[in-house]
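Close look at the chain arrangement
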There are 2 protein chains.
Amino acid sequence: MNIGIVGLGRMGSGIAQRLARAHFTLYGYDVHPTATFGFPLTLCSSIKDVAEKTSVIILMVPAGEIVDKALTEILTYAPQGTIIIDGGNSNYADSIRRAALCKQRDIFFLDCGTSGGLHGKEHGYCLMIGGEKSAYEKLIPVWEAIAAPHGYVYTGPSGSGHYVKMVHNGIEYGILQAYAEGFHLLKEGEFANLDLGAIGHTWEHGSVIRSWLLELLSTHLKKDATLSNIPAQIGENGTGRWMRQEAQKSNIPTPALDAALEVRAESQKKGGNYGTKIVSLARLLFGGHVQ
Amino acid sequence: MNIGIVGLGRMGSGIAQRLARAHFTLYGYDVHPTATFGFPLTLCSSIKDVAEKTSVIILMVPAGEIVDKALTEILTYAPQGTIIIDGGNSNYADSIRRAALCKQRDIFFLDCGTSGGLHGKEHGYCLMIGGEKSAYEKLIPVWEAIAAPHGYVYTGPSGSGHYVKMVHNGIEYGILQAYAEGFHLLKEGEFANLDLGAIGHTWEHGSVIRSWLLELLSTHLKKDATLSNIPAQIGENGTGRWMRQEAQKSNIPTPALDAALEVRAESQKKGGNYGTKIVSLARLLFGGHVQ
């Protein structure tokens, strides 16, 4: 099976590497191509090239117009029966629209929420996949190659994959805010000189709040708990705000998410504190997000 | 080493079992004693009895006056040099006061935050220990027996162990609220019939939000996602409110914790929703908390 990958950034190249390891034949395209990847991938000079050589095309580009632009080009050149996968953080409503557009040309469009960040390349990613079930089923070997063991799920109709990923990201916002508040209080509360790295590391073992994010945080805190080089401003990619909008539409309260969004917005406007540095640190560690 | 355990409920008996496995000689006391435990423990008819037979006494009783009452009795009978461990969820300020009281009689008092709930008996607990360092060090074999591998830490002066446990619990409140909001939206949002168990289970593998709490939740959701038998009212043990008070004292914002506390209080007054059932479910699964 020939697979095309459009967008070879952190996530795109990580996915490509896992597919290469599983011996898929890969054709890649990026607006800013890297010379070498360290695994077999034929670099194409245009999306047209990718579309003509492959039957499965994975989009790993930033959400928004870039997806539409790439899709329009693919649809111009790809033959009927091609399966297009949007592995980015697209809005689920866009994915519903795009799937309908593709269907008119007898092309399949799967929306695939992709979690795992920088570490997915090694551990495997977590995939939440929506769209035509027959297309999903045809690609089981592809999901098996990209995902961590047991790390992919068919979520249902078009849009549901990105919807579930949006919810995943909203949960992440709340979890990070919770850890941030805790470490902030440990750092600046009643007891001076608490060893945050040792405490966080101990929490990984047997405590109710053990998690992968805690592991990342405490590993860093063990080396440096001052966080003097970590920005106090927290970035965001939009999915948290989308979740709030969707929750409001469905009349579902999300006060922890709201709190996390408010803290992020304030950190951008007024600067932050040790807690916002914890959130920034986590985003840097799991996703390489500088802002 | 003879060890006494006062309070043989879920946590106390779990700790006793781990100590028995490590071949400590155990003397136990409970106001409502169980006839058999399935491991060697001599049941005493009074705290006096326990205090006279042991040099280390672990209190596993509910926080508050019950601790003071037990402590007064122990101090009446225990010889100098005895080490008393409060393994419950006491307020750290009480622990500072109690350690000072014990010190007047040349008795050591260690405050030991204990996480792990129902599952600690098997996996080992996570211990956060404050107080006189020499007393802590004398008991390394005891911590090793009770804790999960790498699951104990010396936090510093008296009170710091319970302070760190208070923060741990406050983080737990925020994390649970974050998962609750996410599963609530998956259940009642845009897409009907999403498979919450399958999605939650997939998130355990390779996603950024994987955690032990998520494992507990999704294992239950796989069997039953209706949660029809789970109460929508969420209980609490006070540590979350303490953390908010401490944070206010130290001028540290905790909006995610505040949100979680507000949701819990409202669920008690007005009843809850699918999200509050998720929090109740988690508390039931990790701690056996019925309310």
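Our structure's up above, just so we're on the same page.
Everything in this summary refers to the structure shown in the same document. All values derive from a computational prediction rather than experimental measurement.

**Topic: the packing of aromatic side chains**
- The final tally for this structure, using the stated rule, is 14 aromatic pairs over all chains.
- With centroids separated by 5.8 Å and ring planes inclined at 70 degrees, the aromatic side chains of Tyr92 of chain A and Phe191 of chain B adopt a geometry described as edge-to-face. You can see Tyr92 of chain A sitting in helix α4 (residues 92–104) and its partner Phe191 of chain B sitting in the loop between α8 (160–188) and α9 (196–203), one on each of two chains.
- Given a relative accessible area of 5%, Tyr92 of chain A falls into the buried group.
- Summarising the aromatic geometry, the rings of Tyr136 of chain B and Trp143 of chain B are spaced 6.0 Å apart at their centres and angled 20 degrees between planes, so their arrangement reads as stacked.
- For Tyr136 of chain B, a relative accessible area of 8% translates into the label buried.
- Positioned over the ring face of Tyr173 of chain A is Arg264 of chain A, at 3.6 Å from the centre of the ring.

**Observations regarding the sheet that holds strand β2 (residues 25–29) of chain A**
All names here are of chain A.
- Read from one edge to the other, the open sheet built from eight strands follows the order β3-β2-β1-β4-β5-β6-β7-β8, with strand pairing classed as mixed. Looking at strand neighbours, the two that pair on one side only are β3 (42–43) and β8 (147–156), the edges of this open sheet.
- Summarising the sheet, strand β7 (residues 125–130) and β8 pair through five bridges and their orientation is parallel. Residue pairing for β8: Ile129 is matched across the bridge by Tyr154.

**Here's the deal with the packing of α8 of chain B against helix α12 (residues 255–270) of chain B**
Residues and elements named next belong to chain B.
- Closest axis-to-axis distance for the α8/α12 pair is 8 Å, and the angle between their directions is 75 degrees. Here α8 lies roughly perpendicular to α12, going by the angle between them. On α12, the residues that touch Gly170, Tyr173, Gly174, Leu176 and Gln177 of α8 are Leu257, Ala260, Leu261, Val263 and Arg264.
- Considered class by class, the residues forming the contact of α8 with α12 number six nonpolar, three polar and one charged.

**Here's the deal with the sheet that holds strand β4 (residues 56–59) of chain B**
- On the basis of which strands lie adjacent, the open sheet formed by eight strands has the order β3-β2-β1-β4-β5-β6-β7-β8 (chain B) and mixed pairing. The open sheet terminates on both sides in strands that have one partner only, identified here as β3 (42–43) and β8 (147–156) of chain B.
- Bridge count between strand β2 (residues 25–29) of chain B and β3 of chain B: two bridges; the pairing is parallel. For Tyr27 of chain B, the partnering residue across the bridge sits in β3 of chain B and is Thr42 of chain B.
- Each of β7 (125–130) and β8 of chain B is contacted by helix α9 (residues 196–203) of chain A, which is oriented at about 150 degrees to β8 of chain B, the strand it contacts most.
- Lying on the sheet, α8 of chain B is in contact with β5 (83–86), β6 (108–115), β7 and β8 of chain B; it crosses β6 of chain B at an angle near 15 degrees.

**Quick look at the pairing of strand β6 (residues 108–115) of chain A**
Residues and elements named next belong to chain A.
- When you tally the buried positions in β6, you get seven out of eight residues, the bulk of the element.
- Sheet topology note: the strand β5 (residues 83–86)/β6 ladder contains four bridges and is parallel. Bridge pairing in β6 links Ile83 to Phe108.
- Note on the crossover from β5 through α4 to β6: the handedness is right-handed.

**Structural notes on the interface of chain B and chain A**
- In this assembly, 71 residues from chain B lie in contact with 71 residues from chain A.
- If you sort the residues of chain B by the area they bury against chain A, Leu185, Phe191 and Val208 of chain B come out on top, with a joint share of 13%.
- Applying the counting rule to chain B against chain A returns two salt bridges.
- Among the ionic pairs, Lys249 of chain B bridges to Glu190 of chain A, the shortest N-O distance being 3.4 Å.
- Counting the contacts that link chain B with chain A gives 14 residue pairs in polar contact (both at pLDDT 80 or more).
- Those elements that place two or more of their residues in the side of chain B that touches chain A are α4 (92–104), β7, β8, α8, α9, α10 (212–223), α11 (239–249) and α12 of chain B.
- For the side of chain B that touches chain A, the leading source of residues is α8 of chain B, giving 19 residues.
- The class makeup of the residues in the side of chain B that touches chain A is 40 nonpolar, 24 polar and seven charged.

**With respect to the pairing of β5 of chain B**
- Burial along β5 of chain B is two-sided: Ile83 and Ile85 of chain B facing one way and Ile84 and Asp86 of chain B facing the other are all buried.
- Crossover connection from β4 of chain B via helix α3 (residues 65–77) of chain B to parallel β5 of chain B: handedness right-handed.

**A look at the environment of Phe183 of chain A**
Residue and element names in this part refer to chain A.
- Relative to the elements of secondary structure, Phe183 occurs in helix α8 (residues 160–188).
- Sequence separation of Phe183 and Gly156 is 27 residues, and the distance between their C-alpha atoms is 38 Å.
- Setting aside residues up to four positions removed in sequence, Phe183 forms contacts with Leu196, Gly200, Trp203, Leu214, Leu217, Leu221, Tyr274 and Ile278.

**Thoughts on the packing of α8 of chain B against α10 of chain B**
All names here are of chain B.
- Closest axis-to-axis distance for the α8/α10 pair is 11 Å, and the angle between their directions is 35 degrees. Crossing of α8 over α10 shows right-handed handedness. Packed against α8, whose contacting residues are Ile175, Leu176, Tyr179 and Phe183, the element α10 presents Leu213, Leu214, Leu217 and Leu221 at the interface.
- In terms of residue class, the contact of α8 with α10 is built from eight nonpolar, no polar and no charged.

**Comments concerning the state of the cysteines**
Residue and element names in this part refer to chain A.
- Per the counting criterion, the structure on display carries zero disulfides over all chains.
- Cysteine Cys44 is unpaired, with the sulfur of Cys102 as its nearest cysteine sulfur at 19 Å.
- Since its relative accessible area comes to 7%, Cys44 is described here as buried.
- Unpaired in this structure, Cys126 has its nearest cysteine sulfur neighbour in Cys112, at a distance of 9.3 Å.
- Among the residues examined, Cys126 registers a relative accessible area of 0% and is labelled buried.

**Focus: the pattern of salt bridges**
Residues and elements named next belong to chain B.
- If you walk through the whole model with that rule in mind, you get 19 salt bridges over all chains.
- Of the charged contacts in the structure, one is a salt bridge between Asp86 and Arg98, with a shortest N-O distance of 4.0 Å. Separated by 12 residues along the polypeptide, Asp86 in strand β5 and Arg98 in helix α4 bring together distant segments of the chain.
- Note that Asp94 is salt-bridged to Arg98, the shortest N-O span being 4.0 Å. Taken together, the residues span about one helical turn, with Asp94 and Arg98 both in helix α4 at a distance of four residues.

**Some remarks on the relation of the copies chain B and chain A**
- Mapping chain B onto chain A leaves a residual RMSD of 0.0 Å; the transformation is a rotation of 180 degrees accompanied by 0.0 Å of translation along its axis. Overall, the copies show the geometry of a two-fold rotation axis. Nearest to the rotation axis, the C-alpha of Ser211 of chain B is located 2.0 Å from it, this being the minimum over chain B.
- Both copies present the same face, since 100% of the interface residues in chain B are matched by interface residues at the equivalent positions in chain A.

**Section: unusual backbone geometry**
All names here are of chain B.
- If you check the backbone angles, His150 has positive phi at about 65 degrees while not being a glycine.
- Turning to its location among the elements, His150 is positioned in strand β8.
- Phi angles above zero are rare outside glycine, and Asn251 is one such case at about 60 degrees.
- Looking at the element boundaries, Asn251 is found in the loop between α11 and α12.
- By relative accessible area, Asn251 is classed as exposed at 69%.

How each quantity is defined
Residues numbered from 1 in each chain as written. Chains lettered and ligands numbered in written order. Predicted model: local features only at pLDDT ≥ 70, side-chain atom pairs only at ≥ 80, totals over all residues. Heavy atoms only, no water. Phe/Tyr/Trp six-rings, centres within 6.5 Å; stacked < 30°, edge-to-face > 60°. Helix = DSSP H or I, 4+ residues; strand = E, 2+ residues; numbered from the N terminus. Buried < 20%, exposed > 50% of the residue type's maximum accessible area, 1.4 Å probe, protein only. Lys NZ or Arg CZ within 6 Å of the ring centre and 35° of its normal. Pairing = 2+ DSSP bridges. Axes fitted to C-alpha atoms, helices over the stretch in contact; angles between N-to-C directions. Parallel < 35°, antiparallel > 145°, perpendicular 65-115°, else oblique. Contact = heavy atoms within 4.5 Å. Nonpolar A, V, L, I, M, F, W, Y, C, P; charged D, E, K, R; others polar. Right-handed = clockwise from strand over helix to strand, strands pointing away. Buried area = accessible area lost by both parts, 1.4 Å probe. Salt bridge = Lys/Arg side-chain N within 4 Å of Asp/Glu carboxyl O. Polar contact = N/O pair within 3.5 Å; in protein donor to acceptor, adjacent residues only side chain to side chain. Left-handed = near helix turned anticlockwise from the far one by under 90°. Disulfide = S-S within 2.5 Å. Least-squares fit on C-alpha atoms with pLDDT ≥ 70 in both.

These figures capture arrangement, not role.
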